[in-house]
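# Working through the structure, step by step
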Amino acid sequence: MSEILSLPVWTNSDVFKAVLEFDNGGTYTAISDNFSESHVLSGLDVTESSAITSGNPTGILEPNYCNLRIIDFTNNLLSTNTSSPYYGYMRNGVKVNLYVSYDGGEFEPFGVYYTDDWSSEKSNGGYSEVSLSCVDNLEYIGNKELPPLPAYSGVNVVDMIKNILTGIGLTENDFNIDSSLSLTMIYAVTKSTTVREALNSISQALLARIYTDRSGVIQIVPALPTKEIKYKLNDLYIESFNVKHNKISQYNKVKLLYNKVDNRPADTILELNNVLLSPGLNEFKNLQINSNILSIDGVFVSAEADEVSNLDKIEFINYTAYQGGIDIFIFSNKTEDFYANLEVIGRITGITDAYVESEIKGTDVKVANTLTLENPVIQDVNVAQNYVNNVALYLQSMEQEVIFSGSLSSCLGVQDYIQIESDDKTVAGTYLITQINVVEGEAYSVSVTAVKIKG
């Protein structure tokens, strides 16, 4: 176990820096203590979260957000200034790298964001003040359509995450998956249409959290990581401490609706009649198949009696299958069009809705609420039962949720364990941070949301 550090309180020497990167290659830097210069980061409000748990205790993906205010004496960030080197590039999607310097040290990463709102105005003093609203990359990738995923059996969900993220253009340097996470699907199946939906289903099936760290790397980690306390904090530095009603305590049972899948024999899974085949390459992309594909035995071309003689002019038939669809490529050596029929023979999964349950130990006997979850990633009764048992243990371990604030260091991060030392036994204990809000400007504050861990 690594050394537990005493959490430093905030001092006036902490400095924040924002570096804007424009699509034309230009950069603009503003620093919070830069009042003797022309670029002043006058305000910063950052909210980092590991997940939203209010609607679903197993967690819903939540991007990080920040708002920046910059006093620009050069007016180069005034979006209507045609003389600005950034004119025409002050828009949504500008990359913003945040940094922080603790007690005069080197600048360290404090988040990577992208603007989604740009507001600038010229003041009576002749300079512009710019307000930037920003989100991290999870917001952007979450809105993307789910890329075609391989159709095969015996897939580890971790490999599916990799296929999704690399399928939308990320490299393996852009994300990190904790080595302890693993779940084998009988068949690679997802009902999702967007990356956000797929990642939510997968993270919930793994009982994991997906968030972007301060270096801009997407982290996929256990929702309840191995307990390793990073900081200890004396409650003398806590100015307010609010114990929230823990909505998790309203449940005494977990119920999981899952997909019980089976392997069906080969059959016709797609048929297209009177398809026009032209000379050369014919491409039929994104042909949708309602069921999930396990394998394709072949794609066959047939024709009506008066067109049969044209079939020997087909040079090749290629195809690429993925979950829920297929792309077909047919090359015709004929010099004129003709009509044919296409038939796809293959195997698909049969899906039956099923459910399992697990009791949450230690709950109030008067409580009779069931947490009902649904997850298509889970397909086997043993995996399903193990999952609801783990969810029940997860809910049982969360004693209470708290929000505290004070003159705290912004070095705290989500998924960090901290130990609060206090003579008040209701306050003292080990906490897992789920959200942190840092505000710098006319006043400085750090607000932390955390759950108290039993044991």
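Our subject is the structure that appears above.
Residues numbered from 1 in each chain as written. Predicted model: local features only at pLDDT ≥ 70, side-chain atom pairs only at ≥ 80, totals over all residues. Heavy atoms only, no water.

With that out of the way, let us pick up the sheet that holds strand S10 (residues 175-177). The mixed open sheet is built from three strands, whose spatial order is S10-S13-S12. Looking at strand neighbours, the two that pair on one side only are S10 and strand S12 (208-212), the edges of this open sheet. The mean inter-strand angle of the sheet, taken between neighbouring strand axes irrespective of direction, is 15°. Looking at chain direction, S10 and strand S13 (residues 218-222) are connected through three bridges and run parallel. (Pairing = 2+ DSSP bridges. Helix = DSSP H or I, 4+ residues; strand = E, 2+ residues; numbered from the N terminus. Axes fitted to C-alpha atoms, helices over the stretch in contact; angles between N-to-C directions.)

In terms of nonpolar packing, the biggest core is built from 55 residues, with Leu 165, Ile 220 and Leu 256 touching the most fellow members. Residues within four places of Leu 165 in sequence aside, it is in contact with Ile 141, Leu 170, Phe 175, Leu 199 and Ile 220. Core analysis: the second largest hydrophobic core is formed by 48 residues, Leu 41, Cys 66, Leu 98 and Ile 420 among them. (Core = buried A, V, L, I, M, F, W, Y, C linked by side-chain atoms within 4.5 Å. Buried < 20%, exposed > 50% of the residue type's maximum accessible area, 1.4 Å probe, protein only. Contact = heavy atoms within 4.5 Å.)

The next point concerns the pairing of S13. Here S13 lies mainly inside the structure; five of its five residues are buried. From the end of S12 to the start of S13, which pair antiparallel, there are five residues, and Gly 216 there has a positive phi angle of about 85°.

Turning to the side chain of Asp 416, a few remarks are in order. Note that Asp 416 resides in the loop between strand S24 (398-406) and strand S25 (417-421). Given the relative accessible area of 12%, Asp 416 is considered buried. Of the polar contacts made by the side chain of Asp 416, one reaches the backbone nitrogen of Gly 413; its length is 3.0 Å. Not counting residues up to four positions away in its chain, the partners in contact with Asp 416 are Lys 230, Tyr 231, Cys 411, Tyr 431, Leu 432 and Ile 433. (Polar contact = N/O pair within 3.5 Å; in protein donor to acceptor, adjacent residues only side chain to side chain.)

What follows concerns helix H2 (residues 157-167). Taken together, the buried positions of H2 are Val 157, Val 158, Met 160, Ile 161, Ile 164 and Leu 165. Along the axis of H2, the buried positions cluster into a sector of 155°, meaning they face one direction only. Capping of H2 at its N-terminal end is provided by Asn 156; its side-chain oxygen lies 2.9 Å from the backbone amide nitrogen of Val 158. Taken from the residues just after H2, Gly 169 is the one with a positive phi, measuring 105°. (Arc of directions from axis to C-beta.)

With that out of the way, let us pick up the packing of aromatic side chains. Counted under the stated rule, the structure contains eight aromatic pairs. Between Phe 22 and Tyr 86 the ring centres are 4.3 Å apart and the planes differ by 15°, which places this aromatic pair in the stacked class. Here Phe 22 is found in the loop between strand S2 (15-21) and strand S3 (27-31), whereas its partner Tyr 86 is found in the loop between strand S5 (65-72) and strand S6 (95-101), with 64 residues between them in sequence. For the pair formed by Phe 22 and Tyr 86, the shared burial category is buried. Taken together, a centroid distance of 6.1 Å and an interplanar angle of 80° make the contact between Tyr 28 and Tyr 86 edge-to-face. (Phe/Tyr/Trp six-rings, centres within 6.5 Å; stacked < 30°, edge-to-face > 60°.)

Okay, the sheet that holds strand S21 (residues 325-332) next. Within the open sheet, the three strands sit side by side as S18-S21-S20. Their pairing is antiparallel. Two strands bound the open sheet, and with one partner strand each, they are strand S18 (280-288) and strand S20 (314-322). With strand direction ignored, the average angle separating the axes of adjacent strands in the sheet is 10°. As paired elements, S18 and S21 share seven bridges and run antiparallel to each other. Its bridge partner being in S21, Gly 280 is matched across the sheet by Ser 332.

This part takes up the packing of H2 against helix H3 (residues 195-206). H3 packs onto H2 with a crossing angle of 160° between their chain directions and a minimal axis gap of 11 Å. Relative to H3, the element H2 lies roughly antiparallel. Helix-helix and strand crossings are classified by hand; for H2 and H3 the assignment is left-handed. Between H2, through Val 157, Met 160, Ile 161, Ile 164 and Leu 165, and H3, the contact on the second element is made entirely by Val 195, Ala 198, Leu 199, Ile 202 and Leu 206. Tallied by class, the residues present in the contact of H2 with H3 amount to 10 nonpolar, no polar and no charged. (Parallel < 35°, antiparallel > 145°, perpendicular 65-115°, else oblique. Left-handed = near helix turned anticlockwise from the far one by under 90°. Nonpolar A, V, L, I, M, F, W, Y, C, P; charged D, E, K, R; others polar.)

Positive phi is not limited to glycine here, since Asn 274 has a value of about 55°. Looking at where Asn 274 falls in the secondary structure, it is placed in strand S17 (residues 267-277). For Asn 274, a relative accessible area of 51% puts it in the exposed group. The residue Asn 286 is not glycine, and still its phi comes out positive at about 55°. Looking at where Asn 286 falls in the secondary structure, it is placed in strand S18.

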